[in-house]
Amino acid sequence: MIRFILSDLRRLWAGSLVVVLLVALATALGVSVVLQERALRLGSARAADKFDLVIGAGGSETQLVLSSVFLQPSPLPLMPGEVLGRLAADPRVDWAAPIGFGDSFSGYPIVGTTTMLAQILSGGLAEGKIFVREGEAVIGAAVKLSLGGEIKPMHGSLKEGGETHTELVYHIAGRLRPTGTAWDRAILVPIQAVWHIHGMEAEEHAGDGEHEHEAASGTDSAEHGHEHEKAGADHDGHEHHGEADPDAALDESWTTGAPGLPAILVKPKTIADAYKLRQDYRSGNTIAVFPGEVLTNLYATLGDAKQILVAVAAGAQTLVAASLVLVTVIHIGQRRRQIGALRAFGAPRGAIFGIVWLEFFFLVAVGIAIGFALGYAAALTLSGIFSQTSGITMPVGFAREDAALAAVLLAFATILAALPAVLAYRQSPAQALRA
């Protein structure tokens, strides 16, 4: 029987190939959607795991996480600089790292931060050393620049018609180890240098007890908040330029008032401290978020989009199934003489049913297998493209639930293959030979 089926498939290779391709493409569409969505979830979750708590000025929590954790370019409002000093002195905080962004070089975002974050981010340097002066920079693992190279920061990006800063040229001192996050494509520079380039001077408010009390309670006056908003607007509008000394030593004590900040990355000492800090800084002119919670909300949106895409894939598979039924009915009609001859030579009805069923099931099963391979390749390609542009590693792989999907498709193939087999089973040999 097997030899007869293989001989029949070779004789009808063109039609068999069409059936396999139809099934493969329909299966690949659904598989690629599932794998790509899972890779996006895992990649973004792993990227956010490095940051426990993010504090920023009042506004969109989602945008705060996208800008500070995933380094997506977007103007953020500035919060008062004294928040950094309070966090640095808070016994519940292991470390607090300010970040400042808005500049870029050759398509890579320039992020102002501290030596602490630069060292902790990837667990050390792959080569070179950490920056110790204002004119030094550390690059991510995916930044295609060489140690010792020059970086001329541009406000914004080249596509936006950004303006190149002439106040300071950074020199690359080291390269971070791979992190699998968007920070692999970032250029890290001292936050102190970013402040100086943009003419943002430290706020001298030491001894102003009343002002400090208002800041601590998160209820700064409207006038004070307006000043920070104006500073942020001036920065976005290229109006503020300052002077920076490339050989100046870094001061990361944060004992005096810092300029306005878009975000601060915080590492609490305990889980309880994390929740207390989030509660303390979720009022007034600051917000505090857990990146994981924000991603959960995004995943809910992605889940809705996934359901739509899965429905589209299911619709395509249904159309393919209907097409296959039509093709097989026509095919059985064209093989009536062959089936009649087999019956005339004594082949039982069960054998005819088995030959037709096995032949069609084999074609559909091969199409499903190829579809899984094509879907995996498509998801791998899309993830690679996304990783190159974002820096986030997106792991593509099959899970246990994918085996259930394959089982469902094979069960459907079993039922679908029975239709032409039943038509062949019911044919009369005398009618088939007269046709």
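Residues numbered from 1 in each chain as written. Predicted model: local features only at pLDDT ≥ 70, side-chain atom pairs only at ≥ 80, totals over all residues. Heavy atoms only, no water.

## Observations concerning the overall build of the protein chain
- Looking only at helices and strands, the protein chain features 14 helices and twelve strands.
- A burial count over the protein chain gives 45% of its 435 residues as buried.
- The long-range share in the protein chain, meaning contacts at least 24 apart out of those at least 6 apart in sequence, stands at 82%.
- For the protein chain, the computed accessible surface area is about 20,900 Å², with 61% contributed by carbon and sulfur atoms. (Helix = DSSP H or I, 4+ residues; strand = E, 2+ residues; numbered from the N terminus. Buried < 20%, exposed > 50% of the residue type's maximum accessible area, 1.4 Å probe, protein only. Contact = heavy atoms within 4.5 Å. Areas by Shrake-Rupley, 256 points an atom, 1.4 Å probe, with all protein chains shown as cover.)

## Brief notes about the nonpolar core
- With 39 residues, the main nonpolar core has Ile 55, Leu 87, Ile 151, Tyr 170, Ile 187, Ile 264 and Val 266 as its most contacted residues.
- With five residues, helix H6 (residues 191-197) is the single largest residue contributor to this core.
- Apart from the residues lying within four places of it in its own chain, the contact partners of Ile 151 are Phe 105, Ile 110, Ala 137, Ile 139, Leu 145, Val 169, Tyr 170, Ile 172 and Ile 187.
- By size, the runner-up hydrophobic cluster in this structure holds 33 residues, among which are Ala 97, Phe 131, Ala 182 and Tyr 299. (Core = buried A, V, L, I, M, F, W, Y, C linked by side-chain atoms within 4.5 Å.)

## So, the environment of Gly 85
- Among the structural elements, Gly 85 can be located in helix H4 (residues 82-89).
- Its relative accessible area of 21% is what places Gly 85 among the partly exposed residues.
- In this structure, the C-alpha to C-alpha distance between Gly 85 and Gly 257, residues 172 residues apart in sequence, is 6.8 Å.

## Concerning the side chain of Thr 115
- With respect to the helices and strands, the residue Thr 115 is situated in helix H5 (residues 115-122).
- Overall, the relative accessible area of 18% leaves Thr 115 in the buried class.

## Focus: the packing of aromatic side chains
- For the structure on display, the rule yields five aromatic pairs.
- An angle of 5 degrees between the planes, with centres 4.9 Å apart, marks the rings of Trp 357 and Phe 361 as stacked. Of this pair, Trp 357 and Phe 361 are both found in helix H12 (residues 349-390), four residues apart, which corresponds to roughly one turn of the helix.
- Taking the centre distance of 5.5 Å and the plane angle of 25 degrees together, the rings of Tyr 376 and Phe 398 count as stacked. Placement of Tyr 376 in helix H12 and of Phe 398 in the loop between H12 and helix H13 (400-425) is noted, with a sequence separation of 22 residues between them.
- Assessed through its relative accessible area of 44%, Phe 398 is described here as partly exposed. (Phe/Tyr/Trp six-rings, centres within 6.5 Å; stacked < 30°, edge-to-face > 60°.)

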